[in-house]
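Residue-level listing of the chains:
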Amino acid sequence: MSAAHRWLEPENWPKVPMPREALEARIERVLTLTNIAFLGTLGKNGPIVSPLEFYADGLDVYVFPQPNSPKLKAMQRDPRICLAVANPMAGWACSMGCQLFGNAELLDPGTPDWKRGMEIFKWVASSFEIGRVSAEPPQGQLMRLRPARIVYTEHFLRREGYGPRQVWLRNP
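Residues numbered from 1 in each chain as written. Predicted model: local features only at pLDDT ≥ 70, side-chain atom pairs only at ≥ 80, totals over all residues. Heavy atoms only, no water.

**Student:** Looking at this structure, how should I read the packing of aromatic side chains?
**Tutor:** Aromatic ring pairs: the centre-centre distance and the angle between the two ring planes describe each pair. Applying the stated criterion to the full structure yields two aromatic pairs. Note on Tyr55 and Phe121: the rings are 5.0 Å apart at their centroids and 90° apart in plane angle, and the pair reads as edge-to-face. Of this pair, Tyr55 sits in strand S3 (residues 55-57) while Phe121 sits in the loop between helix H3 (112-120) and helix H4 (123-129); the two residues are 66 residues apart in sequence, bridging distant segments of the chain. Each of the two residues, Tyr55 as well as Phe121, counts as buried. Arranged with centres 6.3 Å apart and planes meeting at 40°, the rings of Phe64 and Phe121 form a pair that is tilted. Within this pair, whereas Phe64 is found in the loop between strand S4 (60-63) and helix H2 (70-77), its partner Phe121 is found in the loop between H3 and H4, the two being separated by 57 residues in sequence. Phe121 shares its class with Phe64; the two are buried. Aromatic rings pair up to connect Tyr55, Phe64 and Phe121 into one cluster. (Phe/Tyr/Trp six-rings, centres within 6.5 Å; stacked < 30°, edge-to-face > 60°. Helix = DSSP H or I, 4+ residues; strand = E, 2+ residues; numbered from the N terminus. Buried < 20%, exposed > 50% of the residue type's maximum accessible area, 1.4 Å probe, protein only.)

See below:
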């Protein structure tokens with residue numbers, strides 16, 4: 001039994017879905033609290049999970065994969081990916097995160113979608129951090145994930161009467 005958080009008790013495991021707008025707002029919040037995620041791809045020899053930098057535009061996520069990296073080659077072979085975002089907090093009471101599932105879209109430099117993505121992706125800060133200061137964005141492919149499905153987890157939702165795992169579908 002949790003002395004501090006009785007709503008965490010096993011018998012309090014509601015299955016009630018959140019209203020779509022409220023769920024989308026929670027997901028967007030998670031995607032703005034951090035810019036580090038774990039990208040799961042399918043490599044030649046099995047799964048690859050890579051920590052990386054990302055930036056979100058609503059529920060769409062942009063990643064700038066390093067050219068010729070195993071994760072880029074994996075996405076070129078098989079675009080099915082999972083991106084996991086979690087906020088580093090301590091304990092069940094404050095755990096919060098989401099898993100985004102869908103197909104990686106590799107955007108070629110100079111295209112309108114790439115230009116929009118580079119407006120979202122904070123390439124200036126990244127370039128400065130690695131010592132490659134430039135007035136122009138790097139010219140590699142940019143990955144966009146428009147998730148088909150998102151699994152959102154937040155145990156605090158139990159206190160509000162909602163299930164701790166919520167599923168968002170692009171096309172419900």
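**Student:** Mind showing me how you'd approach the side chain of Thr153 here?
**Tutor:** As for its placement among the helices and strands, Thr153 is situated in strand S8 (residues 149-154). Residues contacting Thr153, with those up to four places away along its chain left out, are Ser95, Met96, Gly97, Pro164 and Arg165. (Contact = heavy atoms within 4.5 Å.)

**Student:** Sorry, what's going on with the pattern of salt bridges here?
**Tutor:** Side chains bearing opposite charge may pair, as long as their charged atoms lie close to each other. Across all of its chains, the model carries 10 salt bridges by this definition. Of the charged contacts in the structure, one is a salt bridge between Arg116 and Asp57, with a shortest N-O distance of 2.9 Å. Of this pair, Arg116 sits in helix H3 while Asp57 sits in strand S3, and the two are 59 residues apart along the sequence. Judged by relative accessible area, which is 36%, Arg116 ranks as partly exposed. Taking relative accessible area as the criterion, Asp57 reaches 27% and is therefore assigned partly exposed. Salt bridges sharing partners connect three or more residues here, namely Arg26, Glu154 and Glu160. (Salt bridge = Lys/Arg side-chain N within 4 Å of Asp/Glu carboxyl O.)

**Student:** Help me understand unusual backbone geometry, please; the structure alone is not making it clear to me.
**Tutor:** One can expect most non-glycine residues to show negative phi and most peptide bonds to be in trans. Even without being glycine, Asn68 reaches a positive phi, approximately 65°. Considering the arrangement of structural elements, one finds Asn68 in the loop between S4 and H2. Asn68 gets classed as exposed once you look at its relative accessible area, which sits at 61%.

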